[in-house]
Protein chains: 2
Amino acid sequence: MTTTGRSGLPTGSPAGPPTLTTVAELAGVSRQTVSNALNNPELLRPDTLERVLQVIADVGYTPNRAARQLRSGSSHLIGLRFEPAQEGTTNALMDRFLHTLVETTRQTGHHVLLFSGDPDDPLDGYDDLLRSTAVDAFVITDTYSGTPQAAWLQEREAPFVAFGRPWDDPHASHAWVDVDGSAGTRLATQHLLEQGYDRVAWLGWEKSSRIGEDRRTGWKAAMNRAGLDTSGLGLRITDNLDAARLAAHELLDRRVVAFVCASDTQGMGVLRAFVERGMRSGVDAAVVGFDDSLAAQVTGLSSVRQPLEQVAVEVVGLLRATLAGAPAPERGLVLTPSLVVRTSSQRPD
Amino acid sequence: MTTTGRSGLPTGSPAGPPTLTTVAELAGVSRQTVSNALNNPELLRPDTLERVLQVIADVGYTPNRAARQLRSGSSHLIGLRFEPAQEGTTNALMDRFLHTLVETTRQTGHHVLLFSGDPDDPLDGYDDLLRSTAVDAFVITDTYSGTPQAAWLQEREAPFVAFGRPWDDPHASHAWVDVDGSAGTRLATQHLLEQGYDRVAWLGWEKSSRIGEDRRTGWKAAMNRAGLDTSGLGLRITDNLDAARLAAHELLDRRVVAFVCASDTQGMGVLRAFVERGMRSGVDAAVVGFDDSLAAQVTGLSSVRQPLEQVAVEVVGLLRATLAGAPAPERGLVLTPSLVVRTSSQRPD
DNA sequence: CGATAGTGTTGGAACGTTCCAGACATCGGA
DNA sequence: TCCGATGTCTGGAACGTTCCAACACTATCG
């Protein structure tokens, strides 16, 4: 029973963390049995299992990730390209999503790997990680600019799930989750109509923004359903405070006092216009923003809130299915946002 | 020259990405030579090097991370426990820091691994990653609650760098970077004094907050240097908008119209109080917040801005040094924040 | 009682890389 | 001419795990 080679040193010398062999020797079983104790416990006889697990706990053994990955091919890492804030994606938004993603993947034994790439090349960074087998799958989030990553990843048969629908190709055959922006603005518009306003204006983004146009349709649908005319009430402007402030003034001149916006930034611009005219927000005029950012929470701006936590949970669910070899669902999952009503759109009591 | 075993299949069959052996055969050299071409190019004859690199580029070879890590012991991953927002750390703040961290580590060939843990146990999660040799080092960020992680990691000789100073032990022997909160509030206070206010109030956090007390000292120092009395001007309240609003009213009753706050949230509360009294912010009264959050940017609240990008760069620099075996610097690195002046504290023109 | 089918456990091989010792030329100097 | 030094390249071994085929043993059945 010559103790397996492993140099001349006394086996299990304190250099480095314990390994399978260390545990095996202490428990008086083979390496493979220890491995099975962790990965296929049902194969072991109960008393053996207990003995092995006890030793594992005693020495504080944790399998070496690199070795496991090398042999099994799975890194238990999910890659996410971490971009600076972009249109439709406030930093804080990403933060909420990311946090739940990390928390949820933890439960499946996965971790999140962040990477970055050349801002001008939406594909940069993916290739390296894929070829070096560093990650098991990707989560892609910036689908507003078309989805070159999706096509690229699919071509390479790399598993991934998208947060954001494939605007270019609604029937794309990959798994995705998105939030129904249109439903959000519909909620906001209905809310303002219920508050007694009949001419509700829209402040949105340029026509080139798919997300912006989607949100606009919600406003339009709510107005139409109420039998109201929208002509002259929908404005497309750039996403900054001052543009929104000026646009609001323009509409206020025409006695339009209710606004639904494509972003909180624009909502803040409208609020500013109210103040400049001495109008009491929520009383003389009303506005609803989009994204429920910190700014909205702190200034009392009503806002449409995306269920990002739920999105992250669903993304992880799809990820698990994809990794298990399941085909992508027939259609993507579209979640409904909620409306957070604050003082900017509701009369006190 | 029997082609090395590798099953009976034609060598380099398209299954899976190319490996060292694939490249070696195509280039007509040994595995080791290919490895050297990447890791120690100076060992190769120039023409051999070129030939090998050409093949590498042709077949799109990237070393397998798991295998490399298993052999060399380095994962090229940096672990970061990703927490929900906490005192003194707005989500958006973390976002700026994290983004630069990802970007900077990219240049050193590292990636950022996010993990989470039991919110009640600041140590949870570290142990697993350490024992499974999943990460090369950690970045710890939540040092405001004491630094149990730092002590714990040091005990295990795990490399790490902290963002945030070790309040409990200023001479702790690990590498850290922090922002000089005191300098920030000093800047803010001086600015208000220059604007002609002489009774500048402080709205800060409870005494138990080290960060809060640090920021308070900056205000006090600036006032003292100007020969001004601070009695009755410093208030410690909870970090929410309404507490700040009420505190501001209390001070405004006493004709105190200039405020330096420990957070933007409090700053927003003060702004609200101005509005409620019909005071024009920046004209009749002034306030400066802390952290330059989106809310501040959008509401025109002057604020102290932390140089988070610079912090991240310095953290990575220290990380590299630590991983290279350098001892921790004698003292931590303290960076100076800047003041972003907006309409809340400066008269127009 | 011998063949058959589990049940629990084992050792060898393999994943793809880098470390290491050595092989084989080539070169300069004694 | 011979020797050591240098430059260039090679093959075996090892990192720690899981896959796989095979093992010993017990229980079942004809």
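Residues numbered from 1 in each chain as written. Chains lettered and ligands numbered in written order. Predicted model: local features only at pLDDT ≥ 70, side-chain atom pairs only at ≥ 80, totals over all residues. Heavy atoms only, no water.

Looking at the overall build of chain A
Alright, step 1. Each helix and strand in chain A was counted, giving 13 helices and 12 strands.
Alright, step 2. Relative to its length of 349 residues, chain A is extended, with a C-alpha radius of gyration of 27 Å against a globular reference of 20 Å.
Alright, step 3. Seen through its C-alpha atoms, chain A measures out along the principal axes to roughly 95 × 45 × 35 Å.
Alright, step 4. Split into buried and exposed, the 349 residues of chain A put 52% on the buried side.
Alright, step 5. For chain A, restricting intrachain contacts to residue pairs at least 6 apart in sequence, the fraction spanning at least 24 positions comes to 66%. (Helix = DSSP H or I, 4+ residues; strand = E, 2+ residues; numbered from the N terminus. Rg over C-alpha atoms; globule rule 2.2 N^0.38 Å. Buried < 20%, exposed > 50% of the residue type's maximum accessible area, 1.4 Å probe, protein only. Contact = heavy atoms within 4.5 Å.)

Side note on the protein's contact with DNA strand C
Alright, step 1. Near DNA strand C lie 24 residues; those nearest to it are Thr33 and Thr48 of chain A together with Leu20, Gln32 and Tyr61 of chain B.
Alright, step 2. Protein-proximal atoms of DNA strand C, defined as those within 4 Å of the protein, fall in sugar or phosphate at a share of 57%.
Alright, step 3. For DNA strand C, a phosphate oxygen lies 2.4 Å from a polar atom in the side chain of Tyr61 of chain B.
Alright, step 4. For DNA strand C, a sugar or linking oxygen lies 3.4 Å from a polar atom in the side chain of Arg71 of chain B. (Near = heavy atom within 4 Å. Polar contact = N/O pair within 3.5 Å; in protein donor to acceptor, adjacent residues only side chain to side chain.)

What about the relation of the copies chain A and chain B?
Alright, step 1. In screw terms, the move from chain A to chain B is a rotation of 180° and a rise of 0.0 Å along the axis, fitting with an RMSD of 0.1 Å. In the structure described here, the two chain copies are related by an operation that fits a two-fold rotation axis. Relative to the rotation axis, the C-alpha of Ala295 of chain A is the closest in chain A, positioned 2.0 Å from it.
Alright, step 2. Comparing interface residues between copies, 100% of those in chain A also lie at the interface in chain B; the contact surface is shared. (Least-squares fit on C-alpha atoms with pLDDT ≥ 70 in both.)

Describing the packing of aromatic side chains
Any pair of aromatic rings gets described here by the distance separating the centres and the angle formed by the planes.
Residue and element names in this part refer to chain B.
Alright, step 1. Evaluation of the coordinates by the stated rule reveals 12 aromatic pairs over all chains.
Alright, step 2. Here the aromatic rings of Phe97 and Phe163 are separated by 4.9 Å at their centres, their planes lie at 40°, and the arrangement is tilted. Taken together, the positions of Phe97 in helix α5 (residues 91–107) and Phe163 in strand β4 (residues 160–163) put the pair 66 residues apart, joining distant regions of the chain. Across the pair, exposure class does not vary: Phe97 and Phe163 are buried alike.
Alright, step 3. Both rings, one in Phe259 and one in Phe274, keep their centres 5.9 Å apart while their planes meet at 55°; by these two values the pair is tilted. Here Phe274 lies in helix α11 (residues 264–276) and Phe259 lies in strand β8 (residues 258–261), a separation of 15 residues in the sequence. Residue Phe259 shares its accessibility class with Phe274, and that shared class is buried. (Phe/Tyr/Trp six-rings, centres within 6.5 Å; stacked < 30°, edge-to-face > 60°.)

Let's talk about the UniProt feature "domain: HTH lacI-type" (unreviewed entry) in chain A
Alright, step 1. UniProt's feature table lists "domain: HTH lacI-type" (unreviewed entry) at residues 18–72 of chain A, given in the numbering used throughout.
Alright, step 2. Secondary structure across residues 18–72 of chain A comprises 71% helix and 0% strand; the distance between its end C-alpha atoms is 20 Å. (UniProt positions renumbered as here; feature names shortened; annotations may be inferred.)

So, the sheet that holds strand β8 (residues 258–261) of chain A
Residues and elements named next belong to chain A.
Alright, step 1. In space, the six strands of this open sheet follow the order β7-β6-β8-β9-β10-β12, with mixed pairing throughout. The open sheet has two free edges, formed respectively by β7 (234–236) and β12 (338–340), since each of these has just one partner strand. Here the strands of the sheet are splayed against their neighbours by 20° on average, with no regard to which way each runs.
Alright, step 2. Direction of pairing for strand β9 (residues 286–290) relative to strand β10 (residues 302–305): parallel, over a ladder of three bridges. Among the inter-strand pairings, Val288 is bridged to a residue of β10, identified as Ser302. (Pairing = 2+ DSSP bridges. Axes fitted to C-alpha atoms, helices over the stretch in contact; angles between N-to-C directions.)

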